[in-house]
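Understanding the architecture of this molecule
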Amino acid sequence: MRCRGLSTEKKLATCTNVVPKFLRRLGLLNVPAIYLEEESWYHRRQSTAKISSRMLTWADLAQLSEESEFRPSPENPNWTEFRMRGTIAITGVGPFGAILEYYAQVFLRGGGKKSIRIMEELLRERYGEGTNRSSKPSSNILSNTTNQSHHSVS
């Protein structure tokens, strides 16, 4: 959908089940695919983008969600500020929930780091190795990334 500089998109993503085999022994985790709902907003005038995703597969047992935001840096509008926030809450499986929560937390952190690597690679492809449009070296992208996470066990 597009209206006055705002583009939105909502989609269903099908991902490979990456839960380790030892955790899949709990039958409900042994599914061939994991389904996520993803919604994105791009504000052309403000040069900002937001992406929100949530897991649908085990919605009755766990709430896993992630929100990412991209916007011009207040320090320099040629830089991009990236913020990522994830929430993990697992219920209904007793003390086993803490193990599942830990694994989910590690997986989400890895996804954030992978997103940054992909973005850096796209910038290198577009502007060349060692070339950037500002005075800020590309190696500082990681140092200015905010990664927040919150988790809870019920």
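Residues numbered from 1 in each chain as written. Predicted model: local features only at pLDDT ≥ 70, side-chain atom pairs only at ≥ 80, totals over all residues. Heavy atoms only, no water.

Points about the confidence of the model for the protein chain
Put simply, the rule reads: The score called pLDDT rates the predictor's confidence residue by residue, from a low of 0 to a high of 100. By definition, residues are in contact when any of their heavy atoms lie within 4.5 Å.
The predicted model of the protein chain has a mean per-residue pLDDT of 75, with 80% of residues at 70 or higher. Low pLDDT (under 50) marks residues 131–154, which in the prediction has 43 contacts with non-local residues, meaning those over four places away or in another chain.

What to know about a nonpolar patch on the surface
Basically, it comes down to this: Distance thresholds for patches are 9 Å for like charges and 5 Å for nonpolar side chains (Val, Leu, Ile, Met, Phe, Trp, Tyr), applied to residues having over 30% relative accessible area and no salt bridge. To be clear on the numbers: accessible area is Shrake-Rupley with a 1.4 Å probe, and residue cover counts the displayed protein chains and nothing else. The working definition used for a salt bridge is a side-chain nitrogen of Lys or Arg within 4 Å of a carboxyl oxygen of Asp or Glu. A run of H or I in DSSP counts as a helix once it spans at least four residues, and a run of E counts as a strand once it spans at least two, with each numbered from the N terminus.
A cluster of nonpolar side chains, contributed by I118, M119, L122 and L123, occupies part of the molecular surface with about 340 Å² of accessible area. Looking at the secondary structure, you find L123 in helix α2 (residues 96–127).

Some thoughts on unusual backbone geometry
Here is the rule we go by: Any residue under 20% of the maximum accessible area for its type is buried, any over 50% is exposed, and the rest in between are partly exposed; the area is computed with a 1.4 Å probe on protein chains only.
A positive phi angle, close to 55 degrees, is found at S47, a residue other than glycine. Within the element layout of this structure, S47 appears in the loop between β3 (33–43) and β4 (48–55). Assessed through its relative accessible area of 41%, S47 is described here as partly exposed.

Remarks on a positive patch on the surface
This is how the line gets drawn: In this tally, Lys and Arg are treated as positive and Asp and Glu as negative; His is ignored, and so are the chain termini. Note on charges: their place is set at NZ of Lys, CZ of Arg, CG of Asp or CD of Glu.
A cluster of basic side chains, namely R109, K113, K114 and R117, defines a positive patch on the protein surface. As for its position among the elements, R109 is in helix α2.

Things to note about the pattern of salt bridges
On inspection of all chains with the given rule, the structure shows seven salt bridges. Put simply, E81 and R83 hold a salt bridge, and the shortest N to O gap is 3.0 Å. Connected through salt bridges with shared partners, the residues E69, R71, E81 and R83 form a single ionic network.

With respect to the environment of V31
Inspection of the secondary structure assignment puts V31 in the loop between α1 (21–24) and β3. Those residues in contact with V31 that lie beyond four places of it in its chain are N17, R24, T57 and W58.

Remarks on the side chain of E81
Let me state the cut-off plainly: Whenever two N or O atoms come within 3.5 Å, that pair is a polar contact, provided that in protein one can donate a hydrogen and the other can accept it, and provided that, for residues adjacent in sequence, both atoms are side-chain atoms.
Position of E81 among the secondary structure elements: in strand β6 (residues 80–90). With a relative accessible area of 15%, E81 lands in the buried category. Reaching out from E81, the side chain makes a polar contact with the side chain of R83 at a distance of 3.0 Å. Excluding anything up to four places from it in sequence, E81 contacts E69, F70, R71, P72, S73 and P74.

Some words on the environment of S40
Along the polypeptide, S40 turns up in strand β3. Setting aside residues up to four positions removed in sequence, S40 forms contacts with S7, T8, E9, K50 and I51.

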